[in-house]
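Observations on the model geometry
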Amino acid sequence: MDNYEHIKIHTPKIIIYTVCAAVILIALLISFISFGWFTNSKTTGNGINGMNATGCKFELATAGDGGKYDNYIIASDGQAPEGEINGLPTDKNVTVTGSGGTEIKWLMNSESNFGNNAGESADGIQPGSFGKLTFYVVAKQNIDLNLTISLDTVLYTKEAQPIDENNDNSAFIIPANSSEAKLTKGHILFFKNKTNGVYSDMITDKFTFEKLGAKKDTAYRVDIYWIWPEVIDQLILPESDSLFSGKDYGKIISDADTQTLITEMSANSECYFADNSIADLGLMLDNISKGSADGSFDSDYYNKLNLKWNESDQFIGTNVGYIELKLTADDSSLGNA
Amino acid sequence: MNKKSDIKPGIKRTVNAVVLLALILTAAVTAFAWFTNERKLDTITKINSPVALTIGAGAKEDSSNIDMGGIDISDASGKKSFVFCVYSDESVGKYKIQLAHTTNIAFTYTIYAANEGETALPDSVVYVDRSDVSHYYTKSGALSGGYLNMDENTGIANGTYHEKTYGAYGSQFVQKNAEPLYWQSSPAITPAAAGNMFTDYYILEVSWDSDKVTNNKETDMVYLTAGMV
């Protein structure tokens, strides 16, 4: 009797708590789903069917060898694809994002030339280095894919080291607003295309990956070209300039990208020249870009900017130990892009 | 009597609250995962310093210690030698040495590869470092190479590199001895310790024929450069 009364007294509260929990759960789900509907105009037809346990309408895949310095960063190893995916290399080790982790280590191949391929002897990158980084977008549904791909770099001092469960390298991160971080951003450049040795469509932070009518479980290859130019001539002088004759390098970016870069260099000189007090920088760059055959060409400008560029490379090499490259692919058809 | 009846209402409430919180958190995290349409790739590599080739004085001291002032042509030996080195803290494939000089004084410039020795030999060139320690270097053979713009008959510069040197400033305005001669080693030099950091020593010998020069305060400019090829 006593026992019965006790339960009688407390049962309504349990019901209230349970009801509250259920209401809140439902409210949360409804709010998220509604949010999804209202910000996902392209994919309303898919409803919430696309939101399965592994989340995305796409995954990223990477193929090749692990990196020499992979144990300096926190990212999962990823896992081999479950089931068949068309379009992935069959002669390389392949890993994909998904239930094995949404952030995985980027595998390198012989063309990456990023100085960290565990299968090769090259160690690190320096001025004059260049390569091609490859990854694959894997569609998880028959769908139009429209992704925003962003590239971010994190720099570490030379003190960074392999990490374990007790420590990471966060203490050695070089702040993004430091001179060396800005200069590295301006000196290591990324491009979407390369034709006959000339890079074009420079990537400034983000670019769009679009694949209309992507097929389920099919991989679409994306290449990103990266360069660390040895000298500024390669970016600024006209392609056929006589100052390139007899040199083992030439112009490496398109004229359109040169113009973009000149504007960028003038506006953010601290990202390109260690000495950011260069007067008339825009004027000097314009002058050089006309070429040495032009009557107004000023060799003093040319020599000065070459020197400043090289000093900046030296500054980066002296102060930066490691560069981490993070690629983020975001479904821009949703509101959280 | 029954265990259940022993649980105090307060504790029960707390348990319920925790369960509720857990449910909410689970719901929130799950929902967030559904909407995380982001995937990332991550890699890291080492940044190397640009491979730098440096010219230094003897004992790998700073090049400001290469002091060519005060050559006294009454010196009976008819020559004066200066030690310099080319070094890098990185692996360098091959490099060239270049020498540029004006021709006001009838000096002959010769660059010899050199070895550092423990003790003074009769033909040693001595370099005294900042700590007053003497270093001894001996020639081991003249570097092969040649002038790129020397007029064979006069021994002074022809017009080949006038524009590179003076730009649009016409050669008629430049005194003939102020037109520099350019000498370059050929073939390219492989460092003594290929594949590793290295220091290669050289002796720049300035010699003269006492009949052709006088101590009349003439000056010449001499430039030494080393570059990777």
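Data block above holds the structure.
On a predicted model such as this, the values are computed, not experimentally measured, just so you know.

Per the secondary structure count, chain A includes 6 helices and 11 strands. Across the 337 residues in chain A, those meeting the buried criterion constitute 34%. Summarising the internal contacts of chain A: among those between residues at least 6 apart in sequence, 70% fall at separations of at least 24.

Turning to the environment of Arg39(B), a few remarks are in order. Position of Arg39(B) relative to the elements: it lies in strand β1 (residues 38–46). Arg39(B) sits in the buried class, given 27 other C-beta atoms within 10 Å. Setting aside its immediate chain neighbours within four residues, Arg39(B) contacts Cys56(A), Glu59(A), Leu60(A), Thr97(A), Thr102(A) and Ala329(A).

Let us look at the sheet that holds strand β4 (residues 95–101) of chain B. Residue and element names in this part refer to chain B. Spatially, β8-β9-β4-β11 is the arrangement adopted by the 4 strands of the open sheet, whose pairing is antiparallel. Whereas interior strands pair on both sides, the edge strands pair on one side only; in this sheet they are β8 (145–147) and β11 (222–228). Neighbour-to-neighbour, the strand axes of this sheet turn through a mean angle of 15°, independent of strand direction. Examined bridge by bridge, β4 and strand β9 (residues 181–185) share 4 bridges and lie antiparallel to one another. The residue bridging His101 from the neighbouring strand is Leu181, located in β9.

It is worth spelling out the nonpolar core at this point. Counting residues in hydrophobic clusters, the biggest one holds 71 residues, and the most contacted among them are Leu60(A), Ala61(A), Val137(A), Val138(A) and Tyr322(A). Sequence-distant contacts of Tyr322(A), defined by excluding residues within four places in its chain, comprise Tyr69(A), Tyr72(A), Tyr156(A), Ala160(A), Ile44(B), Thr45(B), Lys46(B) and Ile47(B). Core analysis: the second largest hydrophobic core is formed by 28 residues, Tyr127(B), Trp183(B), Ile203(B) and Ala226(B) among them.

Looking now at the environment of Tyr136(B). All names here are of chain B. Within the secondary structure, Tyr136 sits in strand β7 (residues 134–142). Looking at Tyr136, the number of C-beta atoms within 10 Å reads 19, which means it is partly exposed. A sequence separation of 11 residues divides Tyr136 from Val125, and the C-alpha atoms of the two residues are 5.7 Å apart. When sequence neighbours within four positions are dropped, the list of residues in contact with Tyr136 reads Glu116, Gly117, Thr119, Ala120, Leu121, Ser124 and Val126.

What follows covers unusual backbone geometry. Of the consecutive residues Ser186(B) and Pro187(B), the connecting peptide bond is found in the cis state with omega at 0°. Structurally, Pro187(B) is set in the loop between β9 and β10 (198–208). Phi is positive for Asn113(A), close to 55°, though the residue is something other than glycine. For Asn113(A), the location among the structural elements is in the loop between β3 (103–105) and β4 (130–139).

To continue, consider the sheet that holds strand β7 (residues 189–195) of chain A. Strand pairing in a sheet relies on backbone hydrogen bonds. The paired strands run either parallel or antiparallel. Residues and elements named next belong to chain A. Strand order in this open sheet of 6 strands is β2-β1-β4-β10-β7-β8, and the pairing throughout is antiparallel. Among the strands making up the open sheet, the edge pair consists of β2 (94–96) and β8 (198–202). Between one strand and the next, the sheet's axes are offset by a mean angle of 40°, whatever the strand orientation. The pairing of strand β1 (residues 58–63) with β2 spans 3 bridges and is antiparallel. Bridge pairing in β2 links Ala61 to Val96.

Residues and elements named next belong to chain A. Orientation of helix α4 (residues 255–267) relative to helix α5 (residues 281–289), taken along the N-to-C sense of each, is 160°, at an axis distance of 9 Å. Classified by the angle between their axes, α4 and α5 sit roughly antiparallel to one another. Here α4 runs over α5; the crossing is right-handed. Facing Thr258, Ile262, Met265 and Ser266 of α4, the residues of α5 in contact are Leu281, Gly282, Leu285, Asp286 and Ser289. Tallied by class, residues from the contact of α4 with α5 come to 4 nonpolar, 4 polar and 1 charged.

This brings us to α5(A). Residues and elements named next belong to chain A. Among the residues of α5, those classed as buried are Leu281, Met284, Leu285 and Ile288. For α5, the arc enclosing every buried residue in end-on projection is 95°, short of the 170-degree limit, so these residues lie on one face. In the core, the buried residues of α5 are packed alongside α3 (233–236), α4 and α6 (299–319).

Residue and element names in this part refer to chain A. Here 3 bridges tie β7 to strand β10 (residues 218–227), and the two strands are oriented antiparallel to one another. Considered in β10, the bridge of Leu189 is made with Ile227. Summarising the sheet, β7 and β8 pair through 4 bridges and their orientation is antiparallel. Bridge pairing in β8 places Phe191 opposite Met202. Connecting β7 to the antiparallel partner β8 that follows it, the hairpin turn spans 2 residues, and Asn196 within it adopts a positive phi of roughly 50°.

With that settled, the discussion passes to the pairing of β4(A). Residue and element names in this part refer to chain A. In terms of residue burial, β4 counts as a mostly covered element, since 8 of its 10 residues are buried. The pairing of β1 with β4 spans 4 bridges and is antiparallel. Looking across to β4, one finds that Leu60 is bridged to Val137. The pairing of β4 with β10 spans 10 bridges and is classified as antiparallel. Paired with Gly131 across the two strands is Trp226, which belongs to β10.

Scoring rules and cut-offs
- Counting starts from 1 at the beginning of each chain's written sequence and moves along it residue by residue.
- Each chain is given a letter, starting from A, and each ligand a number, starting from 1, according to the order in which they appear as written.
- Reporting of local features is limited, given that this is a predicted model, to residues whose pLDDT is at least 70; pairs of side-chain atoms are given and counted only at 80 or more, and all residues count toward the totals for whole chains, interfaces and linings.
- In DSSP terms, a helix is any run of H or I states spanning at least four residues, a strand is any run of E spanning at least two, and both are numbered starting from the N terminus.
- The burial criterion counts other C-beta atoms lying within 10 Å of a residue's C-beta, which is placed from the backbone; the residue is buried at 20 or more, exposed at 12 or fewer, and partly exposed between these limits.
- By the criterion used throughout, residues are in contact when their C-beta atoms, derived from the backbone, lie within 7 Å.
- Two strands form a pair only when DSSP identifies at least two bridges running between them.
- A fitted line through C-alpha atoms serves as each axis, taken over the contacting stretch for helices, and the angle formed by two N-to-C directions is quoted from 0 to 180°.
- Take the buried Ala, Val, Leu, Ile, Met, Phe, Trp, Tyr and Cys residues, join any whose C-beta atoms are within 7 Å, and the set you get is a nonpolar core.
- Convention used here: angles under 35 degrees read as roughly parallel, angles over 145 as roughly antiparallel, angles from 65 to 115 as roughly perpendicular, and any remaining angle as oblique.
- Whether a crossing is left-handed or right-handed is set by the direction in which the near helix is turned from the far one by less than a right angle, anticlockwise for left-handed and clockwise for right-handed.
- Any residue outside Ala, Val, Leu, Ile, Met, Phe, Trp, Tyr, Cys, Pro, Asp, Glu, Lys and Arg is labelled polar, Gly included; the first ten of those are nonpolar and the last four are charged.
- Comment: arc refers to directions from the helix axis out to C-beta atoms.

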